Amino acid sequence: MKNLIFLIGIFFLTNVLLAQQASIDSKAPDFKLKDSYGKEYSLNEFKGKTVVLEWINYDCPFVKKHYDSKNMQQLQEKYTQKGVVWLAICSSAKGKQGHFTNDEINKRSKEHGAKFTAYLIDEDGTVGKMYGAKTTPHMFIINSDGKLVYAGAIDDIKSTDKEDVKKANNYVSKALDEILSGKEVSTKTTTPYGCSVKY
Amino acid sequence: MIKNLFGIILIFSQAIVHPKTFVELSLYKADSKTYICLNFTIENGWHLYWLNSGDTGIPTEITWNLPDGIEISDELWPIPKAFEVDGLVSYGYENNASIFYEIIFKDYSEIHNKDITCKINSLICKDICIPFDTVITFNLSNLKSRFNQNELKDLLNNQFPNKEHSLELFGKIEGDKVLLEIKNNSENETIESFSFFPFENGIFKNVLANEFYKELESYLIKIEFDPFRTHIPEKLEGILILFYSENNSRIKKSFEISVPLKYY
């Protein structure tokens, strides 16, 4: 009897864990994280809105490319003005590259002129692993129905050169434009590029 | 083809491309063919990436600017190593990497006093990553030898995948994975582990070693799809590495494979 209870427990635990793994065209798993000002956010509070998740590490050369060129801030500003929620998430563990104090995060975000909705701190990596975030940047888009509709790179030029931003096809803006005009996202997955997430 | 290259070492040159790595260029002649080798020496603890960088990083890109009358082949990449950090697996090289190209020209005597330029766009990583983008010009008449014949033979036998093999391979798609079947023809071989390094990124989960099981006279290797794969390929293409025991010795063999995939 004890063995049966144990097996049932394992079965439910496995199902719960699998259910929490993000996958395309499925409900995006909910999470709760605090931002760099100490305010708690959950994905569920943005029901009915399009949400962008951007994995971030300010010291990664690939992230620098998109912030130093202002590409990321322009995307954040353009789409948050259209009602999109933009959450930057940092999964760098304590002591690893990209992990900063809240003051340092807020200072850097201000210097960059970041226009995201919030910078969320995931230092134990739970949310990063739940979404399968591998690189910085790694981009995810959740539509107003709460489904994950895009996972992958920000664009199609795998480099750290700021000059490439102008030449690249931006997958995130293309997907967001399609969502905002009521269309299906045409490219749902691409291969992300960048530094490893420092779990 | 490349494994028959036990040729005459002709010329060599080197350049620092980044404080953590420098490259040397050397030239080898075998039968009627000539090869150049771009060798990277990498500072201990750091690594560069293969043509498929895996979960992180970017592939090393090398582009050549050649004078009229000289052409080169695509890269012949050595077998990469798989690195695992925090559950993310990448493919690349540490310490040393020798990339070969076949060099083609109309008249060998004309290659002397000619410059060839290569642009290397890469990323060198440890716990952090540093990108570099360097252009180097080598004068072919300044090159000297790097490997002696034994070193070259050892390098080519141990560090490059066999392009030709007699393995019987069958690939089938089964749900969220590919099952690669290898018919085991040798009674003396007991395969202990398999690693598959795909040429294309973003299709399969990157792993250090693949799970497998034995069924009658076959080995069945599980190659899982990435949950965010960009497409389902028609062929399984990459490097298959086998570790097996033979006469109490552990042997590593690697093969470049291209196996059509069928739905099961």
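1. Points about the overall build of chain B
- A count of helical and extended segments in chain B gives one helix and 18 strands.
- Its C-alpha atoms give chain B a radius of gyration of 20 Å, near enough to 18 Å, the size a compact globule of 264 residues would have.
- Dimensions of chain B, computed from the C-alpha atoms along their principal axes, are close to 60 × 40 × 35 Å.
- For chain B, the residues scored as buried account for 51% of the 264 residues in total.

2. Remarks on the nonpolar core
All names here are of chain B.
- Counting 38 residues, the largest nonpolar core has Leu38, Phe40, Ile62, Trp64 and Ile120 as the members making the most contacts within it.
- Counting residues per element, this core draws most heavily on strand β9 (residues 96-105), at five residues.
- If you count residues domain by domain, this core takes at least three from each of domain 1 (2-159) and domain 2 (168-263).
- Once you skip the residues sitting within four places of it in the chain, Ile120 turns out to touch Val17, Val23, Leu38, Phe40, Thr60, Glu61, Ile62, Phe132, Asp133, Thr134 and Ile136.

3. Side note on the sheet that holds strand β15 (residues 212-215) of chain B
Residue and element names in this part refer to chain B.
- Strand order in the open sheet formed by seven strands is β14-β17-β18-β12-β13-β16-β15, and the pairing between neighbours is mixed. A single partner strand is all that each edge strand has here, and the edge strands are β14 (190-198) and β15. Here the strands of the sheet are splayed against their neighbours by 30 degrees on average, with no regard to which way each runs.
- Alignment of strand β12 (residues 168-174) against strand β18 (residues 249-263), held across three bridges, turns out to be parallel. Across the sheet, Gly171 pairs through a bridge with Leu261, a residue of β18.

4. What about the sheet that holds strand β2 (residues 40-42) of chain A?
Residues and elements named next belong to chain A.
- With mixed pairing, the seven strands of this open sheet are ordered in space as β2-β1-β5-β4-β3-β7-β8. One side of each edge strand has no neighbouring strand; the edge strands of this open sheet are β2 and β8 (148-152). Going across the sheet, the axis of each strand differs from the next one's by a mean of 30 degrees, ignoring polarity.
- Here helix α3 (residues 71-80) sits on the sheet in contact with β3 (51-55), β4 (85-90) and β7 (139-142), set at roughly 145 degrees to β4.
- Helix α7 (residues 171-180) contacts β3, β4, β7 and β8 of the sheet and is inclined by roughly 5 degrees relative to β7.

5. Considerations on the interface of chain A and chain B
- Across the contact, 25 residues belong to chain A and 18 residues belong to chain B.
- Between the two partners, chain A and chain B, sit three salt bridges.
- The partner of Lys96 of chain A in a salt bridge is Asp86 of chain B, with the nearest N and O atoms 3.0 Å apart.
- If you look at where chain A meets chain B, you find six residue pairs in polar contact (both at pLDDT 80 or more).
- The set of elements that each furnish at least two residues to the side of chain A that touches chain B consists of α2 (61-68), β8 and β9 (195-196) of chain A.
- Along the lines of polarity and charge, the residues of the side of chain A that touches chain B split into twelve nonpolar, nine polar and four charged.

6. A short note on the environment of Val51 of chain A
Residues and elements named next belong to chain A.
- Considering the arrangement of structural elements, one finds Val51 in strand β3.
- It is 5.8 Å that separates the C-alpha atoms of Val51 and Val84, two residues lying 33 residues apart in sequence.
- Setting aside chain neighbours within four positions, we find Val51 in contact with Leu43, Phe46, Val85, Leu87, Phe140, Ile141 and Ile142.

7. Some words on the domain arrangement of chain B
Residue and element names in this part refer to chain B.
- We note that the domain assignment places domain 1 (2-159) and domain 2 (168-263) within chain B.
- Relative to domain 2, the C-alpha centre of domain 1 lies at a distance of 27 Å.
- Taken together, the contact between domain 1 and domain 2 spans 13 residues of the former and twelve residues of the latter.
- A buried area of about 1,100 Å², summed over both sides, lies between domain 1 and domain 2, and 61% of it is on carbon and sulfur atoms.
- Looking only at domain 1, the three residues that lose the most surface to domain 2 are Asn52, Ile79 and Tyr91, adding up to 42% of its buried area.
- At the boundary of domain 1 and domain 2, one finds zero salt bridges.
- For the side of domain 1 that touches domain 2, the secondary-structure elements that each account for two or more residues are β4 (47-54), β7 (81-85) and β8 (88-94).
- It is β4 that contributes the most residues to the side of domain 1 that touches domain 2, five residues altogether.

8. Some points on α2 of chain A
Residue and element names in this part refer to chain A.
- For α2, the buried fraction is high: six of the eight residues fall into the buried class.
- Within α2 the residues assigned to the buried category are Pro61, Phe62, Val63, Lys65, His66 and Tyr67.
- Trailing α2 by a residue or two, Lys70 shows a phi angle of about 70 degrees, which is positive.

9. Structural notes on the state of the cysteines
- Tallied over the entire structure, the rule returns two disulfides over all chains.
- Here Cys60 of chain A connects covalently by a disulfide to Cys195 of chain A, the sulfurs 2.2 Å from one another. Taking the sign of the torsion about the S-S bond as the criterion, the disulfide between Cys60 of chain A and Cys195 of chain A, at about 90 degrees, is right-handed. Here the residue Cys60 of chain A occupies a position in the loop between β3 and α2, and Cys195 of chain A occupies one in strand β9, the gap between them amounting to 135 residues.
- There is a disulfide in this structure between Cys125 of chain B and Cys129 of chain B, and the S-S distance comes to 2.2 Å. Its S-S torsion of approximately 110 degrees makes the covalent link between Cys125 of chain B and Cys129 of chain B right-handed. Residue Cys125 of chain B shares its accessibility class with Cys129 of chain B, and that shared class is buried.
- Considering cysteine sulfurs only, Cys118 of chain B is the nearest to Cys37 of chain B, which forms no disulfide, with 12 Å between them.

Parameters and conventions
Residues numbered from 1 in each chain as written. Chains lettered and ligands numbered in written order. Predicted model: local features only at pLDDT ≥ 70, side-chain atom pairs only at ≥ 80, totals over all residues. Heavy atoms only, no water. Helix = DSSP H or I, 4+ residues; strand = E, 2+ residues; numbered from the N terminus. Rg over C-alpha atoms; globule rule 2.2 N^0.38 Å. Buried < 20%, exposed > 50% of the residue type's maximum accessible area, 1.4 Å probe, protein only. Core = buried A, V, L, I, M, F, W, Y, C linked by side-chain atoms within 4.5 Å. Domains from an automatic or database assignment. Contact = heavy atoms within 4.5 Å. Pairing = 2+ DSSP bridges. Axes fitted to C-alpha atoms, helices over the stretch in contact; angles between N-to-C directions. Salt bridge = Lys/Arg side-chain N within 4 Å of Asp/Glu carboxyl O. Polar contact = N/O pair within 3.5 Å; in protein donor to acceptor, adjacent residues only side chain to side chain. Nonpolar A, V, L, I, M, F, W, Y, C, P; charged D, E, K, R; others polar. Buried area = accessible area lost by both parts, 1.4 Å probe. Disulfide = S-S within 2.5 Å.

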